[in-house]
There are 2 protein chains.
Amino acid sequence: MYRTHTCGDLRLADKTRTVTLAGWVQTIRKFGSITFVDLRDRYGITQLLFSENLNSNLEADPLGREFVIQATGNVYERSNKNPNLATGDIEIGITEFRILNRSMTPPFTIQDDTDGGDDIRMKYRYLDLRRHAVKKNLELRYAVNRSARNYLHQHDFIDIETPFLIKSTPEGARDFVVPSRMNPGQFYALPQSPQTFKQLLMVSGYDRYYQVVKCFRDEDLRADRQPEFTQLDCEMSFIEQEDILNMFEGLIKHIFKEVKGINYTDTVQRMTWEEAMWQYGNDKPDIRFNMRLCNLKKPGTVFVDRTDHYALINDAGFAVFDDAETVVAMAVPGCSEYTRKQTDELTEWVKRPQVGMKGLVYIKCNNDGTFKSSVDKFYPEVKLRAISAAAGAVPGDLVVILAGAEERTRKAISDLRMYMAERLGLRRPDEFKLLWVLDFPLFEYDEEGNRWVARHHPFTAPKPEHIEVMIGNDPVIRDSEKYLEHPYAGIKANAYDMVLNGNEVGGGSIRIHQKDLQEKMFAALGMDKEEQEHKFGFLLGAFEYGAPPHGGIAYGFDRLCAILGGSEIIRDFIAFPKNNSGRDVMLNAPSEIDGIQYEELQIKLDLKR
Amino acid sequence: MYRTHTCGDLRLADKTRTVTLAGWVQTIRKFGSITFVDLRDRYGITQLLFSENLNSNLEADPLGREFVIQATGNVYERSNKNPNLATGDIEIGITEFRILNRSMTPPFTIQDDTDGGDDIRMKYRYLDLRRHAVKKNLELRYAVNRSARNYLHQHDFIDIETPFLIKSTPEGARDFVVPSRMNPGQFYALPQSPQTFKQLLMVSGYDRYYQVVKCFRDEDLRADRQPEFTQLDCEMSFIEQEDILNMFEGLIKHIFKEVKGINYTDTVQRMTWEEAMWQYGNDKPDIRFNMRLCNLKKPGTVFVDRTDHYALINDAGFAVFDDAETVVAMAVPGCSEYTRKQTDELTEWVKRPQVGMKGLVYIKCNNDGTFKSSVDKFYPEVKLRAISAAAGAVPGDLVVILAGAEERTRKAISDLRMYMAERLGLRRPDEFKLLWVLDFPLFEYDEEGNRWVARHHPFTAPKPEHIEVMIGNDPVIRDSEKYLEHPYAGIKANAYDMVLNGNEVGGGSIRIHQKDLQEKMFAALGMDKEEQEHKFGFLLGAFEYGAPPHGGIAYGFDRLCAILGGSEIIRDFIAFPKNNSGRDVMLNAPSEIDGIQYEELQIKLDLKR
C-alpha cells in the first residue's frame, strides 16, 4: 500500500500522527521558503506543507499540477482553517516524498468550472473524469444502482443475466448486428432490451427478476441519446397493475431517501394518458408547476368525450382560430407586464423551425382588471376576460394561445409551457415530483402503412375489458380517413409510465401471457404466421407450457440518474459516452478493421458512392 | 396480487388461516374422491387438497402438469407430514380455484433427474430453468454476485459501467465486430474485457473500481466455453501485489462464508508459477490432494535452477527414458494392487489422442515391501525402490511414469493426476482449496513468429527488479534455438492467478503505469509506433497526465459460480447459454438478416464456396 490514509481521512483528532498519503497535485503555492501543495484523491483534498529543508528537492525536481506523489509527514493543526474542506482543520508537515509519476500540463485545469469545451472533454475523458463535477455524477449513479439493488433484493427480486448475442427481430428500432464467424452468412443482434428474456424467466417461474443491463439501439442520435444505454429492468409474476405501481413507487421513494436524503411522503399522483394530453399536451408532464392547458378548440375526432371552449372564440371572424384544427391557451403566471419586445421574443420562439408555429396570440390580464390582447380587433374585452377565465388566469398573468394542426400545436404549447417554466425558475432541480401516466392507447395508427403499430411493444396486454374488443374485431382498417372509428383505436393498454419532473424515467406494462392473444396481437401488427414463428416462435412456444400472469417495468437508468442529479444531460452521468455521431472520440471508435477480419467473417464492404 | 402467500411460506403456525396461492401444478394424485396437487413456485412446494365437492369442477376442466392455477383455502395440519419439505407440516384445503393458464405436456418432466438430454434442454430452456437443479444454480449465482458486491462496497470499490461498443484492437483473442451504420465502412468491437477502461478509471482517480460485466471472445469454442461470458472485474490504485492478494482472498472468503456457510480460515497457499509447473505440471494445480510430480528428467533448457533425478533412471539401456526430453513420475495412493486390466486401462487412457502419450510405465509398491514394474528387465528392484522413494511413494502406492516431449508429457501427467484423483474420489465437490500462483513469466515465446508474446496481456508490469532487464535489452531474438537464453525469457511478471480446486477462477496483475515502459512492452510485442498510436494511443496519452501505480484482478464469474456450486459445467450456471457452435438453439440465433439491414450497413456477404 502506498498510503496509510486517503486524502479525505484526516481530522484534528489525528494530530501528531505520522501518515503517508498518495494522490494528485491539485495546486502548488509558494510562500517564501514554504510550499503548500493541495493533494487530491477520490476521497478529498489534504493540504501538504513542504518546509525549507525540502526546498532543494523541490528545486532539483519540481512538482507540477497533476503529478502523482507519495508523501509522508506529521499531522498538524492548521492556523488558517478551511471550513469548506472536511480535512480543513489539519495539514501535513511533510518529511519525505517521492514523485510516483509526472504529468504534462493538462489541456484544461481539473476544476469544476473549466472543462475545455465538449470536444476536448470527450477526447481527454480520463482527465474530465477527474473533475469533481463529473465524479460526483458517477458516484451518484453508483449510489442509485446500489440503492435500487438493495430494495429489489429485499423484495425477493433476483438478478439474472440475459444474453447479449441474440436474434435480430427488427421491430420498432433498428438492431445493431454482429456477424457470426462460426455461422457464416448469419448475424447476432445486440438486445434493444431483455424484454422477451425476462418474460421467459417469468414462464420459468423466477417470479421476480431484475437486472441493470446495457441495451443497444442503432438510431439516428438526437441530442443526448446514446447508441448504448443502461436499463434497470424488472419483471414480476402473479401481479396486477396496482401491485407494480406500489412496488416501484416504493423503489423510487427508497432511492430518494437513500441517495438524496429526501423523505418522499406525498401520494404519487396518477393521471390517464388522455388527461395528460388534454391538460398538458404531453404524456410526460412536469407537475412541479401548474400552467394547465385550456383547450379552446379540439379536432372533432380526438378527445371525443371532452368538451372544449370553442364557443368563446367562435363567430369573431378571426380566421386563424376558425381555420385551425386546434386552438389551445395557457395562463403564464405573472407575465402580464411583458413588453412588446418580450412578447415578440415569445412569438419568435414558437416560430422557430423546431417548434413550427405561425405565430402566437396573447392576452395580458392586467393587474388593474383590464385586458390587452394581440387580437383586440377581433375580440372585445368581455371575450378576452372569458377566455382568460377559462384558462384559469388571474390578474397579472399572460395568456398565450397557439393555433394550428392538432399534433404540432399540442407539442408546441407543451414545449412553450416548459420553456416558460424554465424562464420563470419553476423547474427547480432540487424539487422532485413523481407521476404515473396510465391507460395508454394500445395501438398507434401508422398513416404510411394504414395499419396499427404497438404504442409500447407487442407484448403489452390490453385492459382486461378490452381483450374481447381485440379478439373479436378484424384489425384491418377499411377506411383510412375514419381510422379513429375503428374499434382498435379505443383499446387501452395495461401500461404505465413513471414520470419524474417532466421526464419519462420508467415505463412498463402488464404483458400478454396467453398464446392466442399474443398471436392476435402479432397479426394486428401485420405479422403473418410464418413471420411470427420465425421471430417469436420461442415465446409463443413458451406460452404453451404454463405462462403465469406477469408484468414489469424498465427504467432508463442513465436518465433517471441525470434527473436525480438535477440535470437532463445524460452524457454527464456516463463514464465513457459517445458523441452525437455515435463515436467515442477518445478511442477513435468505430474504426476500420483488418482485411483478415473481413475474410474470417466472410463479409465485405458495399459502400454507396 | 394473485396470492396472499408463496408456495414456500406456510407453516404449522398458519393453521386455520385462509390463504390464496398461485403456481404450477407439479403433481396430481387422486385417492378415491380426494385429489392432492403439489403446487410449485420459486419459493417451494405446497400440498393442496381438493375434496369431493370440487370433483365436478376437476372433471369438467381437468388440471394437468405445469398448469398455472390460483387456489384459495384453509391451512390444515397434515396427518402425513413430509419432513423433506419446509411446508411439509401443512396442506391447504381448497375451497375455490381457477386455471390461470394451461400447459401442453412438457417434452420432459420438470424434475431434477429428467432433462430430456442436452439438445432438448437447450431448445426448451424455459422449461429446463424450472427444474430445481438449474434454479438453485442461478440462485447461487445471484448470491455470489450480491455477496461480492457487498464486500467490494464495504471496501470502497465503486461500480462503474464501461462501454460495449469499443474499438477493435485484435490482440490475443478475436474480436466480435459490429458494423456502424452511422459511420459506413467502420466497425465497433465488443470488449474482450474492460481492461483499458478500468486502467483509465485509475488514471482518472477512481481509486477502486469493480464491475460484473459481459465480455466477448470470438474463439472456436472448446467444450464449455461461451462466446459471451461474465467477468467480475476489479482494479485498485496505490497498491502493491500483496495488497491485491489480501483484498481478494478476503473477497473469496467472504463469499465462502455468506454463500456456502464455510468459514475459510486456512492461510491461502501461495506458489510460484515455476513451483507449480515443477510439482504439478500445471499452473492451476488442484491442491485438495497431494500426488506431486517427481521430475526424473527435465529438458536441459527449462527449470535451469532445478535438479532432477535423472541419475536414478540413467544408464539402464531403457531407450524410452533415455531418448525422452522429459520423464516424470507420480505416486498414486493405494493403487499397487491394480490388475493388469486396470494398468492397461491407464495406458490406453494416456494413449488417447487428447493425451497423446506413447505409453505408461508403472511401478507397484507392494504392501509386502517388494516392487513390481512394467520395466523390470531394465531396472532391478533397488532402482525401482529408489525411484519410488523419490516419487514419495509408500507401500500400497502405484508409481506411474510418463516420458516424451517436455510440454506434452507435463500436460499428460497433469491430466493423469486429475483423472486418477477423480477415480479415487479425491476431488470432493464440497471441499474448497484456494491457491495463489505467482511470478508468471512476463513473456511467452512464439515459435511461429520467433518473437515474444504477452503471457497475460500487454499491460502487465514486470517485477520491479526486472524493469531494467526489459528496458535495457533488445527484444529481438537473434538465435531462435537459444530463445531461452535471451534476457527476456527470465523476466517475471507482477501477475497472479487465483486457483480454486484446480481451476483458474481469477487472474490479474500489477499494471504498467509508466508511458516509456508501456511503449517498450508494445515494441517488445512487435508493435511499431504507428500501430501503438492507432491501437492504444488513448492509453499512452492518459499515461502522460499522472497515472498512479495500479493493479487488479478479473474473475471468470461463470466458472467461479460453477465451482462454488460443486460443478465444472459453466453452462448450467448461465440462464441462456449457447451451444458449442455458438448458437442459441432456443432463439435460433444467429440467423439471417433482412436485405434492408445489409443496405443500411453498407456491407454484403462474401461467402467462401
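These numbers were taken from a predicted model, which means no experiment stands behind them. (Residues numbered from 1 in each chain as written. Chains lettered and ligands numbered in written order. Predicted model: local features only at pLDDT ≥ 70, side-chain atom pairs only at ≥ 80, totals over all residues. Heavy atoms only, no water.)

**Remarks on the pattern of salt bridges**
All names here are of chain B. The line we're drawing: We count a salt bridge whenever a side-chain nitrogen from Lys or Arg sits within 4 Å of a carboxyl oxygen from Asp or Glu. Secondary structure is summarised from DSSP: a helix means a run of H or I of at least four residues, a strand means a run of E of at least two, and numbering begins at the N terminus for each. Categorising residues by exposure relies on relative accessible area from a 1.4 Å probe, with only protein chains included: less than 20% of the type maximum marks a residue as buried, more than 50% marks it as exposed, and the intermediate range marks it as partly exposed.
In this structure the tally under the stated criterion is 102 salt bridges over all chains. Taking the shortest distance from any N to any O, the salt bridge between R410 and E406 comes out at 3.0 Å. Placement of the pair is R410 and E406 together in helix α12 (residues 406–423), with a separation of 4 residues, close to one helical turn. R410 gets classed as buried once you look at its relative accessible area, which sits at 3%.

**Observations concerning the relation of the copies chain B and chain A**
Spelled out, the test is: When the copies are overlaid, the least-squares fit takes in C-alpha atoms only where the residue has pLDDT of at least 70 in both copies. Contact definition: two residues touch when any of their heavy atoms are within 4.5 Å.
Each copy of the sequence occupies a distinct position, and chain B is placed on chain A by a rotation of 180° and an axial shift of 0.0 Å, giving an RMSD of 0.0 Å. One copy is carried onto the other by what is essentially a two-fold rotation axis. Looking at the interface residues of chain B, 100% of them are also at the interface in chain A, so both copies use one shared face.

**Details of the packing of helix α14 (residues 515–524) of chain B against helix α15 (residues 529–542) of chain B**
Residues and elements named next belong to chain B. To be explicit about the condition: Helix axes are fitted to C-alpha atoms over the stretch in contact, other axes to C-alpha atoms as well, and angles between N-to-C directions run from 0 to 180 degrees. In what follows, roughly perpendicular refers to angles from 65 to 115 degrees, roughly parallel to angles under 35, roughly antiparallel to angles over 145, and oblique to any angle outside these ranges. Take the far helix as the reference: if the near one is turned anticlockwise from it by less than a right angle, the crossing is left-handed, and if turned clockwise, right-handed. Just so you know the grouping, Ala, Val, Leu, Ile, Met, Phe, Trp, Tyr, Cys and Pro go in nonpolar, Asp, Glu, Lys and Arg go in charged, and all remaining residues, Gly too, go in polar.
Interaxial distance between α14 and α15 falls to 11 Å at its minimum, and their mutual angle equals 140°. The angle between α14 and α15 places the two elements in the oblique class. Crossing of α14 over α15 shows right-handed handedness. Contacts between α14 and α15 involve K515, Q518, E519, F522 and A523 from the former and K529, Q532, F536 and L540 from the latter. The residue inventory of the contact of α14 with α15, partitioned by class, reads 4 nonpolar, 2 polar and 3 charged.

**A word on the side chain of T20(B)**
Residue and element names in this part refer to chain B. To keep things clear, this is the line we draw: Pairs of N or O atoms are called polar contacts if they sit within 3.5 Å, as long as, within protein, a hydrogen donor faces a hydrogen acceptor (for residues adjacent in sequence, only side-chain-to-side-chain pairs).
With respect to the helices and strands, the residue T20 is situated in strand β1 (residues 18–31). A residue is classified by how much of its surface remains accessible, and T20, at 14% relative accessible area, is buried. At 2.8 Å, the side chain of T20 and the side chain of T72 are in polar contact. Leave out the neighbours within four places in its chain, and T20 touches Y2, R3, T4, H5, Q70, A71 and T72.

**Some points on the nonpolar core**
Definition in use: Among buried residues, the Ala, Val, Leu, Ile, Met, Phe, Trp, Tyr and Cys ones that are joined through side-chain atoms within 4.5 Å form a nonpolar core.
Core analysis: the largest hydrophobic core is formed by 105 residues, its most contacted members being F248(A), F443(A) and Y555(A). By size, the runner-up hydrophobic cluster in this structure holds 104 residues, among which are I158(B), F256(B), I287(B) and F538(B).

**Some remarks on empty space enclosed by the protein**
Note the threshold: Only protein atoms enter the 1 Å grid used here, on which a cavity is any set of points holding a 1.4 Å probe that cannot leave and a pocket is any open set flanked by protein within 12 Å on both sides along at least five of seven lines; residues with an atom within 4 Å of a point are listed as lining. Grid points are joined across faces, edges and corners, and a volume is the space filled by probe spheres set on the points.
Tallying each qualifying case throughout the model produces 13 cavities of 30 Å³ or more. Considered as a void within the structure, the largest cavity measures approximately 280 Å³ in volume. Lining the largest cavity we find 22 residues, and of these V212(A), V213(A), V212(B), V213(B) and K214(B) sit closest to its centre. Elements supplying a minimum of two residues to the lining of the largest cavity: α4 (132–154) and β9 (208–216) of chain A together with α4 (132–154) and β9 (208–216) of chain B. By residue class, the composition of the lining of the largest cavity is 6 nonpolar, 8 polar and 8 charged. Quantified by volume, the second largest cavity comes out at close to 170 Å³.

**Concerning a positive patch on the surface**
Residue and element names in this part refer to chain B. As a reminder, the rule being used: The patches described consist of residues with a relative accessible area above 30% and no salt bridge, like charges being joined within 9 Å and nonpolar side chains (Val, Leu, Ile, Met, Phe, Trp, Tyr) within 5 Å. Here the Shrake-Rupley method, with its probe set to 1.4 Å, supplies the accessible areas, and only the displayed protein chains count as covering residues. Only four residue types enter the tally: Lys and Arg on the positive side, Asp and Glu on the negative side, with His and both chain ends excluded. Where a charge lies is defined by one atom per residue type, namely NZ (Lys), CZ (Arg), CG (Asp) and CD (Glu).
Where like charges cluster on the molecular surface, the positive patch consists of R217, R222, R225, K284 and R559. Along the polypeptide, K284 turns up in the loop between α7 (273–280) and β12 (293–297). What makes K284 partly exposed here is its relative accessible area of 36%.

**Structural notes on the confidence of the model for chain A**
Defined as follows: Confidence of the predictor at the level of single residues is given by pLDDT, which spans 0 to 100.
Model confidence for chain A is summarised by a mean pLDDT of 95, while 99% of its residues fall at 70 or above. With a pTM of 0.96, the predicted complex shows an ipTM of 0.95.

**Considering the interface of chain B and chain A**
For the record, the criterion: Two parts placed together each lose some accessible area under a 1.4 Å probe, and adding up what both lose gives the buried area.
With 129 residues of chain B at the interface, the matching set in chain A holds 129 residues. Carbon and sulfur atoms make up 57% of the surface buried where chain B meets chain A, a total of about 12000 Å² over both sides. Salt-bridge contacts for R141(B) lead to E161(A); the nearest nitrogen and oxygen are separated by 2.8 Å. The interface formed by chain B and chain A contains 83 residue pairs in polar contact (both at pLDDT 80 or more). The greatest single-element share of the side of chain B that touches chain A, amounting to 11 residues, is contributed by α4(B). Its residues assigned to classes, the side of chain B that touches chain A shows 66 nonpolar, 27 polar and 36 charged.

**Some thoughts on unusual backbone geometry**
Residues and elements named next belong to chain A. P590 follows A589 through a cis peptide bond whose omega is 0°. Inspection of the secondary structure puts P590 in the loop between α16 (557–564) and α17 (595–601). In this structure, E66 is a non-glycine residue whose phi angle is positive, near 70°. Relative to the elements of secondary structure, E66 occurs in the loop between α1 (55–60) and β4 (68–77). The backbone phi angle of D156 is positive, close to 70°, even though this residue is not glycine. On the secondary structure map, D156 appears in the loop between α4 and β6 (158–159).

**As for the sheet that holds β12(B)**
All names here are of chain B. Using the following cut-off: A pair of strands counts as paired when DSSP detects no fewer than two bridges linking them.
If you walk across this open sheet you meet the 5 strands as β12-β13-β16-β14-β15, and the pairing is antiparallel. Here the strands that pair on one side only, and so sit at the sheet edges, are β12 and β15 (371–373). The average angle at which neighbouring strand axes cross in this sheet is 20°, direction not considered. With 4 bridges connecting them, strand β14 (residues 361–365) and strand β16 (residues 398–404) associate as antiparallel partners.

**Thoughts on the packing of α4(B) against helix α16 (residues 557–564) of chain B**
Residues and elements named next belong to chain B. Interaxial distance between α4 and α16 falls to 10 Å at its minimum, and their mutual angle equals 115°. The way α4 lies across α16 gives a crossing that is right-handed. Here L140, R141, V144 and N145 of α4 come into contact with α16, specifically with F557, D558, L560, C561 and L564. Counted by class, the contact of α4 with α16 contains 6 nonpolar, 1 polar and 2 charged residues.

**Thoughts on helix α6 (residues 241–260) of chain A**
Definition in use: Given a helix with a known number of residues, its expected span is that number minus one, times 1.5 Å.
With 20 residues, α6(A) extends 27 Å between its outermost C-alpha atoms, agreeing within 8% with the 28 Å of an ideal straight helix rising 1.5 Å per residue. With its phi angle positive at about 65°, G261(A) sits one or two positions after the end of α6(A).

**Things to note about the sheet that holds strand β14 (residues 361–365) of chain A**
All names here are of chain A. Taken in spatial order, the 5 strands make up an open sheet running β12-β13-β16-β14-β15, and their pairing is antiparallel. On the outer flanks of this sheet lie β12 (293–297) and β15 (371–373), each paired with one strand and no other. The sheet shows a mean angle of 20° between the axes of neighbouring strands, taken without regard to direction.

**Details of the side chain of S168(A)**
As for its placement among the helices and strands, S168(A) is situated in the loop between β6 and β7 (177–179). Residue S168(A) is classed as buried on the basis of its relative accessible area, which comes to 6%. One polar contact links S168(A) to Q597(B), side chain to side chain, over a distance of 3.0 Å. Setting aside anything within four residues of it in sequence, one finds S168(A) in contact with D175(A), V177(A), A189(A), I593(B) and Q597(B).

**Things to note about the environment of L435(A)**
Residues and elements named next belong to chain A. Counting through the fold element by element, L435 comes out in strand β17 (residues 434–438). Of the residues examined, L435 reaches a relative accessible area of 0% and is grouped as buried. Sequence-wise, L435 and Q342 are 93 residues apart; in three dimensions their C-alpha atoms are separated by 33 Å. Among all residues touching L435, those that are not within four sequence positions of it are V268, Q269, R270, M271, P285, I287, D497, M498 and V499.

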